[in-house]
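Residue-level listing of the chains:
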Amino acid sequence: SVKKVVDLGCGTGLLGELVANEMPWVEVSGVDLSQRMIDIAQERKSKRGRSVYASVSNGDAAKYLSNLDEKSIDSILASDVIIYVGDISKVLEESSKCLIGGGLIGFTAETIEGSEADGGVRLLPCGRFGHSRSYINYVAKLAGFEVLSWDDCVIRQQANLDVKGASIILKKI
């Protein structure tokens, strides 16, 4: 049973609230670079009236993960966050260290064509990073993960246009 979840790039706490409402026994911790977002997330309550987050920290995702105890987290979520991180290898390495065996990391990514040989990561005109499927597969494997699920989907709308990407779940092996 899932007991501890980390919400990377928690923003105002929308994803954390969903977890708290659907799985009220789970301890959710959040981290975000924006203090303004952290302030809002700290005030967010579940439908049961309790705080969504057990703790919320201001900082970098990889650094936050590096400060967690080894094998102390069941699951890590990162919705619309990886698009702000170029090279995701450090985030995945640190995730692997703090996740329990069989632990999951779920995230969304804006996808591009390319391979790990050409970097597999590009800064897009919108100012966000795109990641290729082969790059994500490659760095996931290096960090000790297998791809459990890869669903091509619309990850958001921008200027009333669909932004294509993927919803990805990796399992620590």
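Predicted, not measured: the structure shown is a model, and the values here were computed from it. (Residues numbered from 1 in each chain as written. Predicted model: local features only at pLDDT ≥ 70, side-chain atom pairs only at ≥ 80, totals over all residues. Heavy atoms only, no water.)

1. Focus: the nonpolar core
Turning to step 1, where the next piece is worked out: Within the largest apolar cluster, 30 residues are counted, with the highest numbers of intra-cluster contacts made by Leu-8, Ile-76, Leu-92 and Phe-107.
Turning to step 2, where the next piece is worked out: Counting eleven residues, the second-largest nonpolar core is a separate cluster that includes Ile-38, Ala-41, Val-52 and Val-56. (Core = buried A, V, L, I, M, F, W, Y, C linked by side-chain atoms within 4.5 Å. Buried < 20%, exposed > 50% of the residue type's maximum accessible area, 1.4 Å probe, protein only.)

2. What about the layout of surface pockets?
Turning to step 1, where the next piece is worked out: Its boundaries defined by the atoms lining it, the largest pocket holds a volume of some 490 Å³.
Turning to step 2, where the next piece is worked out: In terms of lining, the largest pocket is formed by 23 residues, of which the most central are Gly-9, Cys-10, Asp-32, Asp-80 and Val-81.
Turning to step 3, where the next piece is worked out: Going through the elements one at a time, β1 (4-8), α1 (14-22), β2 (27-32) and α3 (61-66) are the ones with two or more residues in the lining of the largest pocket.
Turning to step 4, where the next piece is worked out: For the lining of the second largest pocket, the element with the highest residue contribution is α1, accounting for four residues.
Turning to step 5, where the next piece is worked out: Of the residues belonging to the lining of the second largest pocket, the class tally is eleven nonpolar, five polar and one charged. (1 Å grid on protein atoms, 1.4 Å probe; cavity = no way out; pocket = protein on both sides within 12 Å on 5 of 7 lines; lining within 4 Å. Points joined across faces, edges and corners; volume = space filled by probe spheres on them. Helix = DSSP H or I, 4+ residues; strand = E, 2+ residues; numbered from the N terminus. Nonpolar A, V, L, I, M, F, W, Y, C, P; charged D, E, K, R; others polar.)

3. Details of the pairing of strand β3 (residues 55-58)
Turning to step 1, where the next piece is worked out: As paired elements, β2 and β3 share four bridges and run parallel to each other. Within β3, the residue paired with Gly-30 across the bridge is Val-56. (Pairing = 2+ DSSP bridges.)

4. What about the pattern of salt bridges?
Oppositely charged side chains are able to pair whenever their charged atoms sit close together.
Turning to step 1, where the next piece is worked out: Enumeration according to the criterion identifies five salt bridges in this entry.
Turning to step 2, where the next piece is worked out: A salt bridge links Lys-90 to Glu-94, with the nearest nitrogen and oxygen atoms 3.2 Å apart. With Lys-90 and Glu-94 both in helix α4 (residues 89-98) and four residues apart, this pair spans about one turn of that helix.
Turning to step 3, where the next piece is worked out: Here Glu-94 makes a salt bridge to Lys-97, at a shortest N to O gap of 3.5 Å. Of this pair, Glu-94 and Lys-97 both sit in helix α4, three residues apart, which is roughly one turn of the helix.
Turning to step 4, where the next piece is worked out: Relative accessible area serves as the criterion here: at 5%, Glu-94 is assigned to the buried category.
Turning to step 5, where the next piece is worked out: One continuous salt-bridge network, built from bridges that share partners, spans Asp-80, Glu-110 and Arg-156. (Salt bridge = Lys/Arg side-chain N within 4 Å of Asp/Glu carboxyl O.)

So far we have only geometry, and geometry alone does not tell us how the molecule works.
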